[in-house]
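# Chains, contacts and geometry: an overview
Next come the chains, spelled out residue by residue.
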Amino acid sequence: MDLEEFKRNGYETVDRIYNYYKSLRDDPSSIAVQSDVKPGYLRGAIADAPPNRGTSFGEIQDEFRDVVLPGLNHWQHPSAFHYFPANTSFESMLSEMLISSINNPGFSWDSNPCSELELQVMDWLANLFGLQDTFHHFRRGAGGGVVQASSSESILVAVTAAREKYLHENETRDQSRLVVYASTQTHSSASKAARVLNLRIRLLEVSAETELALTGEAVARAVAEDRQNGLVPFIVVATVGTTSTGAVDSVDSVGSVARQNRLWMHIDAAWAGTHLAVPEVRDELMLAAINQYADSINIGMHKMGLVSMSTVAFFVRDLRSITDALTITPEYLRNKATDSGQVLDFKDCIIGLGRHFSSPKIYFMLKSYGVEGFREHIRRSIELGERFRQLLKSDGRFELVCKPRLSLTVFRLRGGEGSEISSVNELNRKFYSNLVAHRNELSLTHTAVNGVYCVRFVCGCPQTKEKHVDKAFHVIARVGAETVNGF
Ligand SMILES: Cc1ncc(COP(=O)(O)O)c(C=O)c1O
């Protein structure tokens, strides 16, 4: 493709994107939210080898549309209420185009001085989320923020930094007795980090009594027990907004126990963290305790933050603890700027070397939305979640399984009087499988909370309006009634 063709095809691609979003806005029922293709659907549909001679861009676009995209689940569809949102914005899309056009791996200041933008926008985010000065680059304190490609990598970086800090302070390389703490509700990425680093992890049980939150008491008990057995506690991962139910760990009591026991405390706020932009939910999300105790926190901008994959804001109280753990500078990467000590090379804060230049996405989005526009987006999703709960309450067949959080509702069909848990679970499995059959109308996911099978409903797609929530509820209510009648 030459430059002139690029221009023509570029406009044509934007037209295609425009038409897609126009359909999502004006005629969403013309697009099935979830695909109904079967595993292997692409095998045979795409040639086994690339063509010898190039194909025209228009032909490639058409094949992509007709052959590949039928397998697309539409996360930007107004009736996508599954997992967690992975929303984006037109600002993010257009800036992504600019970023990919300059394609700069920006691992060091020397390789991309405009990676300095990241320092600025991370401070904007720290400010937006109410993080105290120590988590900012340009205020008093030793901390700051860095873009990581995922929350999983953020947790891996935090655990690595905590491990290196412990080993350094104790002048040892023996990590065989170190223990990571988390809860059974913690995202699997904490267990994955422990596995990658060959560390022990202890997942502590949580119960309905604490609203599925990990408590300081549970951590203190486990730490004391493990110490008696010769083990060495060194980090606890607390979650603000668990994946299954949005539970918020008791950051204050866990933080206080972590402090007393010299444990690093990482906060996984992959989904809920962006909601800290809204002052009225900061108490619920324990911002004061985060500020007081957290050593690090990850907030997924690519979930609710109107920025496309893969963009996670990772803040640390002491940046040196990260760079001490991850800095390795071979001769071929040495340069004057790095040697001067005046710059932050982002390669020293991440697992990889080359990286996506993601900060312009945050910059474009936040400059265009403004703080109030971003807050409005978060508030709307919470309001839509509340609207869904009101509708659910009006139908006696349903019950909430746990305390709803922000825009997330976890619910199920009630069992009959005196029903066994196994039978209510069976009813709800059937209910969910009947809902899945309506994949062209809405998309939901399920979970199990301490043995209770349930369905999750979460809002956050900017395309979603009240009418889509109402329509989803009507499908859910109808399918619920049919399931109960046929059980
Ligand atoms: C609480 C929590 N932590 C971590 C993750 C993993 O996020 P990522 O896909 O960015 O690694 C998720 C994903 O949904 C999550 O909900």
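Please read all numbers here as calculations on a predicted model, not as lab measurements.

## Focus: the overall build of the protein
When helices and strands are counted, the protein shows 15 helices and eleven strands. On C-alpha atoms alone, the protein measures out to a radius of gyration of 24 Å, which is about the 23 Å that the 2.2 N^0.38 rule sets for 487 residues. Viewed in the frame of its principal axes, the protein has a C-alpha envelope of about 70 × 65 × 45 Å. Evaluated residue by residue, the protein yields a buried proportion of 52% over its 487 residues. When contacts within the protein are restricted to residue pairs at least 6 apart in sequence, those whose partners lie at least 24 apart make up 72%.

## Quick look at the pairing of strand 4 (residues 232-239)
Within strand 4, eight of the eight residues are buried, leaving the element largely enclosed by the surrounding structure. Of the strand pairs in this sheet, strand 2 (residues 178-183) and strand 4 are connected by four bridges, and their pairing is parallel. If you follow V179 over to strand 4, its bridge partner there is P233. Pairing between strand 4 and strand 5 (residues 264-269): five bridges, direction parallel. Bridge pairing links A238 to I267 in strand 5.

## Notes on the side chain of K347
Here K347 lies in the loop between helix 12 (336-340) and helix 13 (359-393). By relative accessible area, K347 is classed as buried at 5%. In this structure the side chain of K347 is engaged in a polar contact, spanning 3.4 Å, whose partner is the backbone oxygen of I328. Those residues in contact with K347 that sit more than four places away from it in its chain are F107, L326, T327, I328, T329, L333, G352 and L353.

## Description of the pairing of strand 2
In terms of residue burial, strand 2 counts as a mostly covered element, since six of its six residues are buried. Neither face of strand 2 is exposed, since L178, V180 and A182 on one face and V179, Y181 and S183 on the opposite face are all buried. The pairing of strand 2 with strand 3 (residues 200-204) spans five bridges and is parallel. Counted as the bridge partner of V180 is I201 from strand 3. Viewed along the sheet, the connection from strand 2 through helix 6 (residues 188-196) into strand 3 turns out right-handed.

## Quick look at the packing of aromatic side chains
Per the stated rule, a full pass over the model turns up 13 aromatic pairs. Between W75 and Y83 the ring centres are 5.2 Å apart and the planes differ by 10°, which places this aromatic pair in the stacked class. Taking relative accessible area as the criterion, W75 reaches 32% and is therefore assigned partly exposed. Overall, the relative accessible area of 49% leaves Y83 in the partly exposed class. Centre to centre, the rings of F388 and F473 are 6.4 Å apart; their planes meet at 75°, and the pair counts as edge-to-face. Of this pair, F388 sits in helix 13 while F473 sits in helix 15 (residues 466-486); the two residues are 85 residues apart in sequence, bridging distant segments of the chain. A single burial state applies to F388 and to F473, both of which are buried.

## Overview of the site of the ligand
The local shell around the ligand consists of F84, S150, S151, S152, H187, S189, G241, T243, D268, A270, H302 and K303. Contacts to the ligand include D268, whose side-chain N or O atom sits 2.6 Å from a nitrogen atom. Within the complex, the protein chains bury 84% of what would otherwise be the 390 Å² of accessible surface of the ligand. Elements represented by at least two residues in the shell around the ligand include exactly helix 5 (151-169) and helix 10 (301-304). Among the residues forming the shell around the ligand, the class breakdown is two nonpolar, eight polar and two charged.

## Section: the domain arrangement of the protein
If you check the domain split of the protein, you get domain 1 (105-356) and domain 2 (366-486). The C-alpha-based centres of domain 1 and domain 2 are spaced at 31 Å. With 32 residues of domain 1 at the contact, the number on the domain 2 side is 27 residues. Between domain 1 and domain 2, roughly 2300 Å² of surface is buried when both sides are summed, and carbon and sulfur atoms account for 65% of that area. Seen at the junction of domain 1 and domain 2, the total is two salt bridges. When the shortest N-O distance is used, the salt bridge between R379 and E280 registers 2.5 Å. Remark: the boundary between domain 1 and domain 2 carries nine residue pairs in polar contact (both at pLDDT 80 or more).

## Remarks on the sheet that holds strand 10 (residues 445-449)
In spatial order, the strands read 8-9-11-10; together these four strands make up an open sheet with antiparallel pairing. Single-partner strands in this sheet number two, and they are strand 8 (398-400) and strand 10. Across the sheet, the mean angle from the axis of one strand to that of its neighbour is 45°, orientation sign disregarded. Where strand 9 (residues 408-413) meets strand 11 (residues 452-458), four bridges bridge the pair, whose relative direction is antiparallel. The residue bridging T409 from the neighbouring strand is F457, located in strand 11. Sheet strands in contact with helix 13 are strand 8, strand 9 and strand 11, and its direction is about 20° off that of strand 9.

Cut-offs applied
- Residues numbered from 1 in each chain as written.
- Predicted model: local features only at pLDDT ≥ 70, side-chain atom pairs only at ≥ 80, totals over all residues.
- Heavy atoms only, no water.
- Helix = DSSP H or I, 4+ residues; strand = E, 2+ residues; numbered from the N terminus.
- Rg over C-alpha atoms; globule rule 2.2 N^0.38 Å.
- Buried < 20%, exposed > 50% of the residue type's maximum accessible area, 1.4 Å probe, protein only.
- Contact = heavy atoms within 4.5 Å.
- Pairing = 2+ DSSP bridges.
- Polar contact = N/O pair within 3.5 Å; in protein donor to acceptor, adjacent residues only side chain to side chain.
- Right-handed = clockwise from strand over helix to strand, strands pointing away.
- Phe/Tyr/Trp six-rings, centres within 6.5 Å; stacked < 30°, edge-to-face > 60°.
- Near = heavy atom within 4 Å.
- Areas by Shrake-Rupley, 256 points an atom, 1.4 Å probe, with all protein chains shown as cover.
- Nonpolar A, V, L, I, M, F, W, Y, C, P; charged D, E, K, R; others polar.
- Domains from an automatic or database assignment.
- Buried area = accessible area lost by both parts, 1.4 Å probe.
- Salt bridge = Lys/Arg side-chain N within 4 Å of Asp/Glu carboxyl O.
- Axes fitted to C-alpha atoms, helices over the stretch in contact; angles between N-to-C directions.

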